[in-house]
Amino acid sequence: MKLMDFITKEMIRRKRGAVAGVLCVLLGISIFVATQTTNKALYDKTKEQLLRFGANIIVQSKGEPFDIYSGSVGSAALLPEIYTQEIQSIEHSKMLIAISPKLYERFKVGTQSLLVVGITPDERKAKPWWLINNDPIVNQFPENKEVLLGQYAARRLGSSSHIELNGERFAITAVLDETGSPDDFMAFVPLKSLQSLTHKQGMVNLFEVSTSCIACKTMNVNEIAKEIDKMLHGDAQALPMKQIAEAQMATLTKVEQFTRIIYIVVLCLGAFLLMNHMSSSVANQKRDIGMLLAMGMESPKIHRIFILKGVILGLIGGFAGYFVGTGISMVLGPQIAETKVAPIVYLLPYSIGIALVIGAISSILPARKAATLDPIEALREV
């Protein structure tokens, strides 16, 4: 009789035992899949939230840098706008989310002093938290002769539909929702418009560079800043904002460590439960094993029977565990991650592979015990 036929008949005859073995693997794999699926959704959401920190590298002049916090333009040195191309040419450019050149200028608008910032469309990538009436900016982004106002700047200027800057009329396209940052007190116009208005064509005060600390695990913001420094001329420097970089990397590390602990616990739990089940199976089948040995079946064949049985239980448990775990994550995941949780197809082969390994490893000791039984002693105990 072939081994598979023997194992199939034995599992059909002992249905409860077979179901118990499958459930041991199913439990571990379903937890693995549910955890991995939910963690991916949580990871993606965390990544999105981390990117909301905005720029984490500032490229500015070495001579007289612009004081971004006070908003005092003064005699701040200017940099050529074409440095954007230099920054884009770094080796790890895939880590760059947005490069936002900025020109700052103060204007007298009525009785108010208004800090006006020249920006490019990349500003929307650098500041995804910019909203208008709780919606992302689309058509309201300022174009030629248009201005976008921060929340408090709009309040100070009143309800006018336009403002005048150096005698030129700029139509107000929209007012940003409150951000809780200096942006609330500023006005934003197209970079080219402000360069023309101030006769500073092709020049900017600084570049805000947004990078992803989690796009490439082998790099960090400090190294990216060094790469940018190498590409720039001696009049500019790239300064990483370390607090943001450290916060990004620390959060990612905690998520990864938590996930790794869950994986280890799940694998050990599944292996222990299946090994315990297989050991009980050997104890309950001593008579059958003794009869097989007494009839001349070789010990290595007995060993292979139990190993193969463990592998089959692992295969079934791994396949079923994937779908059970996916279902659990889609039901409970959104409550944990507070975001939509989608199935991860590539986890199916991973689940089956892990389950097969668990099935094989967990069967080694019980199979060895079965293969070394003394047939006379086994039959005597019955």
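Up top is the structure.
S.K.: Where do I start with a nonpolar patch on the surface in this structure?
M.R.: On the surface, Val324, Ile328, Val331 and Leu332 cluster together to form a nonpolar patch covering roughly 320 Å² of accessible area. Assignment of secondary structure puts Val331 in helix H10 (residues 299–337). A relative accessible area of 55% places Val331 in the exposed class.

S.K.: Can you help me understand the sheet that holds strand E1 (residues 57–61) in this one?
M.R.: What holds strands together in a sheet is hydrogen bonding between their backbones, with the strands either parallel or antiparallel. Sheet architecture is open: nine strands sit in the order E8-E9-E7-E10-E4-E3-E12-E1-E13, paired in mixed fashion. Strands with a single pairing partner mark the edges of an open sheet, and in this sheet they are strand E8 (162–165) and strand E13 (236–240). The average angle at which neighbouring strand axes cross in this sheet is 30 degrees, direction not considered. Running at roughly 175 degrees to E13, helix H7 (residues 221–231) makes contact with E1, strand E3 (96–109), strand E12 (206–211) and E13 of the sheet.

S.K.: What is the right way to look at the pattern of salt bridges in this model?
M.R.: Working definition: two side chains of opposite charge can pair if their charged atoms are close together. Under the criterion given, the structure shown has eight salt bridges. With a closest N to O distance of 3.2 Å, Lys192 and Glu81 form a salt bridge. Of the two residues, Lys192 sits in helix H6 (residues 191–197) while Glu81 sits in the loop between strand E2 (79–80) and helix H3 (83–88), which places them 111 residues apart along the sequence. Measuring nitrogen to oxygen at the nearest pair gives 2.8 Å for the salt bridge that ties Lys102 to Glu123. Taken as a pair, Lys102 in strand E3 and Glu123 in helix H4 (residues 123–126) lie far apart in primary sequence, 21 residues in all.

Each value, and the rule that gives it
- Residues numbered from 1 in each chain as written.
- Predicted model: local features only at pLDDT ≥ 70, side-chain atom pairs only at ≥ 80, totals over all residues.
- Heavy atoms only, no water.
- Patch = residues over 30% accessible without salt bridge, like charges linked within 9 Å, V, L, I, M, F, W, Y side chains within 5 Å.
- Areas by Shrake-Rupley, 256 points an atom, 1.4 Å probe, with all protein chains shown as cover.
- Salt bridge = Lys/Arg side-chain N within 4 Å of Asp/Glu carboxyl O.
- Helix = DSSP H or I, 4+ residues; strand = E, 2+ residues; numbered from the N terminus.
- Buried < 20%, exposed > 50% of the residue type's maximum accessible area, 1.4 Å probe, protein only.
- Pairing = 2+ DSSP bridges.
- Axes fitted to C-alpha atoms, helices over the stretch in contact; angles between N-to-C directions.
- Contact = heavy atoms within 4.5 Å.

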